[in-house]
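# Structural overview for review
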Amino acid sequence: MNRFFKILGYALGVLLLFALAAAAYINSKGIPTYKFAPPAAVLTLKVPPDSTMIARGAKLATLLCTECHKGEGGKMTGRFMPDMPKDLAPAYSLNITHDSVHGIGTWTDGELYYFLRTGIRKDGSWSPPFMPKFPLMADEDVKSVIAWLRSDDPVLFADSHEFPPNEWNFLVKLLSNIAFTPPPLPEETISIPDRTNKIAFGKYVADALCGCYACHSADFTKQDALNPEKSLGFYGGGNPLLNYEGELVPSSNITMDKETGIGGWTQQQFLEATKYGKNPKGGPLYFPMFPHTTLTDTEVNAVWAYLQTVPPIRNQVQRYKPKD
Ligand code: HEC
Ligand code: HEC
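In what follows, the accompanying structure is described. (Residues numbered from 1 in each chain as written. Chains lettered and ligands numbered in written order. Predicted model: local features only at pLDDT ≥ 70, side-chain atom pairs only at ≥ 80, totals over all residues. Heavy atoms only, no water.)

## Observations regarding the packing of aromatic side chains
Tallying each qualifying case throughout the model produces 13 aromatic pairs. Residues Phe-36 and Tyr-114 carry aromatic rings whose centres are separated by 5.2 Å and whose planes lie at 85° to one another, so their mutual orientation is edge-to-face. Of this pair, Phe-36 sits in the loop between helix H1 (2-29) and helix H2 (40-43) while Tyr-114 sits in helix H5 (residues 109-118), placing them 78 residues apart in sequence. Ring centres of Phe-130 and Trp-168 lie 4.9 Å apart, and the angle between their planes is 15°; this geometry places the pair in the stacked category. (Phe/Tyr/Trp six-rings, centres within 6.5 Å; stacked < 30°, edge-to-face > 60°. Helix = DSSP H or I, 4+ residues; strand = E, 2+ residues; numbered from the N terminus.)

If you want it as structure tokens, here you go:
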């Protein structure tokens, strides 16, 4: 028996050494870099300053960008992010104003397009999961976001406010080496589904555009960005999200399960919750859920129609209660 434990001890010792060596390697290697390799059509992309596209981009930005990138006075100078998972923090969102030194004034449209799709910058560095990637967004919507980024919206005026580059901790480095990789560029043009096809259009709004599923599935680290429906606990809630104070605000189960989800809700209650942040039981819905006021009723009702097709999950989520 003694001999057995001795061998076991040696084996564990060797394993531990391997683990330590691997950890030291990942810690010094950091987040992997990738080849900046957009095809010619992306590299030479020029988004016209078209007013309809800018307006669409501004709407998308309120849904997708401004909450994370707004600094003091609402300008897009970036901010400290106490609402990011504690074991991955600290993190800062960066300056995306027109400033050519501190912001993104010198980025080309193609570089922005490639970055929004994949998270890869011109120098090959890769932005870890805090900055979302948009692999399923329609081409015209990605271009509209770029048209907005270039526009004369005052929140984007050049501003030299700067945060130092993010220094990622070991866990972010580890996950970026083993779990997260840049999504590939779509091989074909992605179009916005026809609005009359409610379910397909609702799926686009919910999964590809607003990323409702990302917050509303079980865990950010167990998601499939290319096939959202393969994410763990798809729309079943319980994702341990944080507010600005760093308090836990678990996401709700918004599958149609009658008891633990929103299967007993009316379409109108859903619309008011999604658009205006109203809890049908009274009071507000708490951050990081935010009122999606720029979504049209048609869009929200399409999401409602789509959610009817998502398999219900039985999962009772403990609601956030603010301290009084
Ligand atoms: C959940 C928060 C979050 C959201 C939402 C978000 N970002 Fe970011 N963004 C970040 C963080 C954090 C970084 C810095 C990542 C890093 O250090 O690599 C970043 C980096 C960037 C950068 C790179 C800046 C640089 O100098 O390298 C650009 C460009 C950008 N975001 C644009 C956008 C746009 C456009 C949207 C909306 C379509 C958006 N972001 C939505 C958090 C967010
Ligand atoms: C940034 C993360 C995040 C995103 C994105 C998000 N939600 Fe939420 N949502 C939450 C959280 C957290 C709650 C719980 C809030 C609370 O308990 O007050 C919630 C609550 C809800 C509720 C209320 C459910 C209930 O039982 O009271 C609905 C409905 C909802 N979200 C729909 C949506 C839809 C539709 C989208 C996409 C258009 C979306 N959410 C996007 C985080 C998010």
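Now that the structure is up, let's keep going.
## Looking at the pattern of salt bridges
Evaluated as defined, the whole model comprises 16 salt bridges. Measuring nitrogen to oxygen at the nearest pair gives 2.7 Å for the salt bridge that ties Arg-56 to Asp-141. Here Arg-56 is found in helix H3 (residues 51-64), whereas its partner Asp-141 is found in helix H6 (residues 139-149), with 85 residues between them in sequence. Accessibility classification places Arg-56 together with Asp-141 in one group, the buried group. A salt bridge links Lys-323 to Glu-247; the shortest N-O distance between them is 2.8 Å. A residue pair is termed long-range when its members are at least 10 positions apart, and Lys-323 in the segment after helix H11 (297-307) and Glu-247 in the loop between strand E1 (240-242) and strand E2 (248-250) qualify at 76 residues. Judged by its relative accessible area of 68%, Lys-323 is exposed. We classify Glu-247 as buried; its relative accessible area is 18%. Within this structure, Arg-56, Lys-59, Asp-141 and Glu-299 form a network of salt bridges that share partners. (Salt bridge = Lys/Arg side-chain N within 4 Å of Asp/Glu carboxyl O. Buried < 20%, exposed > 50% of the residue type's maximum accessible area, 1.4 Å probe, protein only.)

## Re the side chain of Arg-56
Under the relative-accessibility criterion, Arg-56 is labelled buried at 19%. There is a polar contact of 2.7 Å between the side chain of Arg-56 and the side chain of Asp-141. Ignoring anything within four residues of it in the chain, the contact list for Arg-56 reads Asp-141, Ser-144, Ile-192, Leu-209 and Glu-299. (Polar contact = N/O pair within 3.5 Å; in protein donor to acceptor, adjacent residues only side chain to side chain. Contact = heavy atoms within 4.5 Å.)

## Digging into the site of ligand 2
Of all residues adjacent to ligand 2, which total 21 residues, the nearest are Cys-212, Cys-215, His-216, Met-289 and Arg-319. Here an oxygen atom of ligand 2 and a backbone polar atom of Tyr-286 are 2.8 Å apart. In the shell around ligand 2, the residues fall into 15 nonpolar, five polar and one charged. (Near = heavy atom within 4 Å. Nonpolar A, V, L, I, M, F, W, Y, C, P; charged D, E, K, R; others polar.)

## Description of the nonpolar core
A general feature of soluble globular proteins is that nonpolar side chains tend to end up buried together. Ranked by size, the top nonpolar core spans 68 residues in total, and within it Ile-146, Leu-149, Tyr-235 and Leu-307 carry the most contacts. Elements supplying a minimum of two residues to this core: H3, H5, H6, helix H7 (170-178), helix H8 (198-209), helix H9 (212-216), helix H10 (267-276) and H11. The residues contacting Leu-307, other than those within four sequence positions of it, are Tyr-235, Ile-254, Met-256 and Phe-270. (Core = buried A, V, L, I, M, F, W, Y, C linked by side-chain atoms within 4.5 Å.)

## A word on the coordination of the iron atom of ligand 1
Protein coordination at the iron atom of ligand 1: the donors are His-69 (NE2) and Met-131 (SD), at 2.0 to 2.1 Å from the metal. For the iron atom of ligand 1, the six donor atoms in the first shell make angles of 89 to 180° at the metal, so the coordination geometry reads as octahedral. Taken together, the positions of His-69 in helix H4 (residues 66-69) and Met-131 in the loop between H5 and H6 put the pair 62 residues apart, joining distant regions of the chain. (Donors = N, O, S within 2.8 Å, 3.2 Å for Na, K, Ca; no water. Tetrahedral: all angles 85-135°; square planar, octahedral: opposite > 155°, others 65-115°.)

## A closer look at the site of ligand 1
Of all residues adjacent to ligand 1, which total 24 residues, the nearest are Cys-65, Cys-68, His-69, Ser-127 and Met-131. Side-chain polar atom of Arg-121 to an oxygen atom of ligand 1: 2.6 Å apart, as the coordinates give it. Only H4, H5 and H6 provide two or more residues apiece to the shell around ligand 1. In terms of residue class, the shell around ligand 1 is made up of 19 nonpolar, four polar and one charged.

## Concerning the coordination of the iron atom of ligand 2
The protein atoms that coordinate the iron atom of ligand 2 are His-216 (NE2) and Met-289 (SD), at distances of 2.1 to 2.3 Å. Taking the relative accessible area as the measure of exposure, His-216 reaches 12% and is therefore buried.

## Considerations on the packing of H1 against H7
For the pair H1 and H7, the least separation of the axes is 9 Å and the interaxial angle reads 95°. Here H1 lies roughly perpendicular to H7, going by the angle between them. Mapping the contact onto sequence places Ala-23, Ile-26, Asn-27 and Lys-29 in H1 and Phe-170, Lys-173, Leu-174 and Asn-177 in H7. Partitioned by chemical class, the residues of the contact of H1 with H7 number four nonpolar, two polar and two charged. (Axes fitted to C-alpha atoms, helices over the stretch in contact; angles between N-to-C directions. Parallel < 35°, antiparallel > 145°, perpendicular 65-115°, else oblique.)

By themselves, these figures tell us nothing about what the structure is for.
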